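Descriptive analysis of the structure
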Amino acid sequence: MRKLINILAISGSLRQNSSNTKLMNAIIALAPENMEFTIYGDLGNLPHFNPDIDVDDGPPPIGGLRAQLKEANGVLICTPEYGNGVPGVLKNALDWIVSSGEFMNKPTAVISASPSPMGGDKAYDSLLLTLKMMNAVIVESGTMMIPHIGLKLTTEGVISDPETKEELLSLLKALEQACH
Ligand code: FNR
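The structure presented is a predicted model; accordingly, all values stated were derived computationally and were not measured.

Definitions and cut-offs
Residues numbered from 1 in each chain as written. Predicted model: local features only at pLDDT ≥ 70, side-chain atom pairs only at ≥ 80, totals over all residues. Heavy atoms only, no water. Salt bridge = Lys/Arg side-chain N within 4 Å of Asp/Glu carboxyl O. Helix = DSSP H or I, 4+ residues; strand = E, 2+ residues; numbered from the N terminus. Buried < 20%, exposed > 50% of the residue type's maximum accessible area, 1.4 Å probe, protein only. Near = heavy atom within 4 Å. Polar contact = N/O pair within 3.5 Å; in protein donor to acceptor, adjacent residues only side chain to side chain. Areas by Shrake-Rupley, 256 points an atom, 1.4 Å probe, with all protein chains shown as cover. Nonpolar A, V, L, I, M, F, W, Y, C, P; charged D, E, K, R; others polar. Pairing = 2+ DSSP bridges. Axes fitted to C-alpha atoms, helices over the stretch in contact; angles between N-to-C directions. Phe/Tyr/Trp six-rings, centres within 6.5 Å; stacked < 30°, edge-to-face > 60°. Core = buried A, V, L, I, M, F, W, Y, C linked by side-chain atoms within 4.5 Å. Contact = heavy atoms within 4.5 Å. Lys, Arg positive; Asp, Glu negative; His and termini not counted.

Considerations on the pattern of salt bridges
What the rule picks out here adds up to three salt bridges. In this structure, R66 engages D54 in a salt bridge whose closest nitrogen and oxygen atoms are separated by 3.1 Å. Residue R66 is located in helix α2 (residues 60–71), and its partner D54 is located in the loop between β2 (35–39) and α2; the two are separated by 12 residues in the primary sequence. When its relative accessible area of 9% is taken as the criterion, R66 is described as buried. Measuring nitrogen to oxygen at the nearest pair gives 3.2 Å for the salt bridge that ties K122 to D121. You can call K122 partly exposed: its relative accessible area is 31%.

A short note on the site of the ligand
Taken together, 13 residues surround the ligand, and among them S13, S18, S19, E81 and S114 come closest. In the model, an oxygen atom of the ligand is placed 2.7 Å from a nitrogen or oxygen of the S13 side chain. R15 has a polar side-chain atom sitting 2.7 Å from an oxygen atom of the ligand. Here the ligand loses 64% of its free accessible area of 620 Å² to cover by the protein chains. A class-by-class count of the residues in the shell around the ligand yields three nonpolar, eight polar and two charged.

Re the sheet that holds β2
With respect to topology, five strands assemble into an open sheet ordered β2-β1-β3-β4-β5, the strand pairing being parallel. Strands at the two margins of the open sheet, each flanked by one partner only, are β2 and β5 (137–146). Between one strand axis and the next, the sheet turns by 20 degrees as a mean value, whatever way the strands run.

Considerations on the packing of aromatic side chains
What characterises a pair of aromatic rings is the spacing of the ring centres plus the angle enclosed by the ring planes. The final tally for this structure, using the stated rule, is one aromatic pair. Pairing F49 with W96 gives two aromatic rings, centres 5.0 Å apart and planes at 85 degrees, and the pair type is edge-to-face. One end of the pair, F49, is in the loop between β2 and α2; the other, W96, is in helix α3 (residues 88–98), with 47 residues separating them in the sequence. Its relative accessible area of 32% is what places F49 among the partly exposed residues.

A look at the nonpolar core
Formed by 27 residues in total, the largest nonpolar core has its most connected members in L23, L76 and I111. The set of elements that each furnish at least two residues to this core consists of β1 (5–11), α1 (19–30), β2, β3 (74–79), β4 (107–113), β5 and α5 (162–179). If you tally residues by element for this core, the top one is α5, at six residues. If sequence neighbours within four positions are ignored, L23 has contacts with I111, A113, I146, I149, L153 and L168. Of all hydrophobic cores here, the second largest spans 25 residues; its members include Y40, L43, Y124 and L128.

What about the side chain of K22?
The topology assignment puts K22 in helix α1. For the buried residue K22, which engages in no salt bridge, the nearest side chain bearing the opposite charge is E156, 7.8 Å off. One polar contact links K22 to N17, side chain to side chain, over a distance of 2.9 Å. Aside from chain neighbours lying at most four places away, what touches K22 is N17, L153, T154, T155 and G157.

In short, geometric facts, not functional conclusions.
Rendered as structure tokens:
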């Protein structure tokens, strides 16, 4: 039997109808049985990063984020791009982790998905810079920019583009292997 792997899945979009959240759920549905996913649900509830309030375990939702990251064997992030950058809510969450270090050596897969032809490349590049600064292990073959997301994912959240589906399966395999 293959080793059970826990992945913390984070969508960088708070939007109810988010294509990135739908994509994240579609990826989870594609994953092999030994990969268990926990969807991080508190991104919109985190206080603004302020080192002054980062004492002891930090404010309660921060302790929860740090604990979930610590327990996870790996992380999957799916994010949109806003204003040529990483969405503020996601960057805020990452800022809380810089000093506590839970991303250190953590295998991390990164996807940016956008309706634009650029695939959210600026958010993608910026996110990788931040994660590398925190010594996350960016999984080789575990990163993707997905342009024209509306042509590849149905409104019901089904991956309709076979090539994208294949690439996502490879990404999952790479993440699984990195977590062993
Ligand atoms: C966007 N969008 C966008 N897209 C992009 O590729 N680069 C960008 O810089 C921006 N900037 C931006 C700013 C604002 C204020 C909005 C509302 C939107 C478009 C964005 O990618 C699109 O709305 C996605 O659908 C958002 O992702 P989710 O919520 O569907 O996951």
